[in-house]
Structure formats: C-alpha cells, structure tokens
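Topology and contacts: notes
So you can see what is in the structure, the chains are spelled out below.
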Amino acid sequence: MVGMPGGASTADNLAAVTIDDAMARNGVVGSPPPGVVIRVAPAWLRRLWVGPVQAMTLPGVIYASPDAFRALEQGTARALLIHELEHVHQWRDHGRLGFTIRYLGDYVGARLAGFSHATAYRAISFEREARAAARDAM
Ligand SMILES: [Zn+2]
C-alpha cells in the first residue's frame, strides 16, 4: 500500500510505504515488524546526513532519500531494506536509550581514537551487523 496522508507540505514528505509491502516488493521473506512505515526523509533531516547515506531507521519509521524510496517502492532495494530491517530489530532489542548509547558511543569512541567520520561510521557495531545481515541475505 502506498499512502498519501493529508496535512503536510510536499508530496515527497507525504509518501509512505508499509514495511509489509516493501518486503513483498523487494523479495524479503520473514515476519514484518509491526507498525513500521517507510517515508521519504524530510529535507531538514537529509541535510544532517553526511556522505552517501540512503536511509536512516528510527523507532517505527525508516526514512529514505527520494532515490532510495523509489527503489524500495520499485522492489530494487533488497539489500538496503534488509540493512534497515536489521536496525529496526536493533532498536526493538536494545530500546531507544540502549540503541542510542551504543550507536553514538561506538561512533564517538572511534572519532576520539582519531578515525575519520567514514571509518568511525563503518565501525559502529550496529552498522557492521546491518551490513552483515544484508550481505548474508544476498
Ligand atoms: Zn545502517
């Protein structure tokens, strides 16, 4: 289902696809986590993304760049969807506080150790797990 709920400013910000539908379109099997929706990330959020970020998973919502959103809708983003689904499970397993502390702690620790943004980002344990999940599923 592609929904266009009313009330906000632009079509991009309103577009949404349910996780069930995205999984079916991208050939991802398994039980869809309940209540998760995929949306185009608002411009203000995308401005915070450094480098080639395609999506960001927060509790209950996967925010995607417009290109990534189209790919998820069209069923050509299987690896990305599996990656973000791993983050959905991490949020659920560790809780908002636990996820945030570990995610930021890994990043800040690596930065303080002198690593670049890109290296510190790639070293975040949750990111390593999500990349492994996507790799294993392909
Ligand atoms: Zn990730």
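This write-up is about the structure you can find in this document. (Residues numbered from 1 in each chain as written. Predicted model: local features only at pLDDT ≥ 70, side-chain atom pairs only at ≥ 80, totals over all residues.)

A closer look at the environment of proline 32
Applicable threshold: Every helix listed is a DSSP run of H or I at least four residues long, and every strand listed is a run of E at least two residues long, numbered separately from the N terminus. Working definition of burial: number of other C-beta atoms within 10 Å of the residue's own, with buried at 20 or more, exposed at 12 or fewer, and partly exposed in between, all C-beta atoms being placed from the backbone. Contacts here follow a simple rule: the backbone-placed C-beta atoms of the two residues must lie within 7 Å.
With respect to the helices and strands, the residue proline 32 is situated in the loop between helix 2 (19–25) and strand 3 (37–40). Residue classification places proline 32 among the partly exposed positions, given that 16 C-beta atoms sit within 10 Å. Taking C-alpha positions, proline 32 is 5.5 Å from aspartate 20, a pair spaced 12 residues apart along the chain. Dropping the residues within four chain positions of it, proline 32 is found in contact with Ile19, Asp20 and Met23.

Let's talk about the nonpolar core
A general trend in soluble globular proteins is that nonpolar side chains are found buried together. The condition that has to hold: A set of buried residues qualifies as a nonpolar core if it consists of Ala, Val, Leu, Ile, Met, Phe, Trp, Tyr and Cys joined through C-beta atoms within 7 Å.
Counting residues in each nonpolar core, the largest one holds 22 residues, and the members touching the most others are Ala22, Ile38, Ala64, Ala68, Leu72 and Leu81. Where this core is concerned, the elements lending two or more residues are helix 2, strand 3, strand 5 (61–64), helix 4 (66–74) and helix 5 (78–112). Looking at this core element by element, the count peaks at six residues for helix 5. Dropping the residues within four chain positions of it, leucine 81 is found in contact with Ala22, Met23, Asn26, Val28 and Leu72.

Examining the pairing of strand 5
Our working rule: Strand pairing requires that DSSP identify at least two bridges connecting the strands.
As paired elements, strand 3 and strand 5 share four bridges and run parallel to each other. Looking at the pairing, valine 40 lines up with alanine 64 of strand 5. Pairing analysis gives four bridges linking strand 4 (residues 55–58) to strand 5, with the strands arranged antiparallel. Paired with threonine 57 across the strands is isoleucine 62, a residue of strand 5. The antiparallel pairing of strand 4 with strand 5 creates a hairpin that spans two residues between the two strands, and glycine 60 there sits at a positive phi of about 85°.

Remarks on the environment of glycine 30
Along the chain, glycine 30 turns up in the loop between helix 2 and strand 3. Along the sequence, glycine 30 and aspartate 20 sit 10 residues apart, while their C-alpha atoms lie 9.6 Å from each other.

By themselves, these are just geometric observations and shouldn't be taken as functional.
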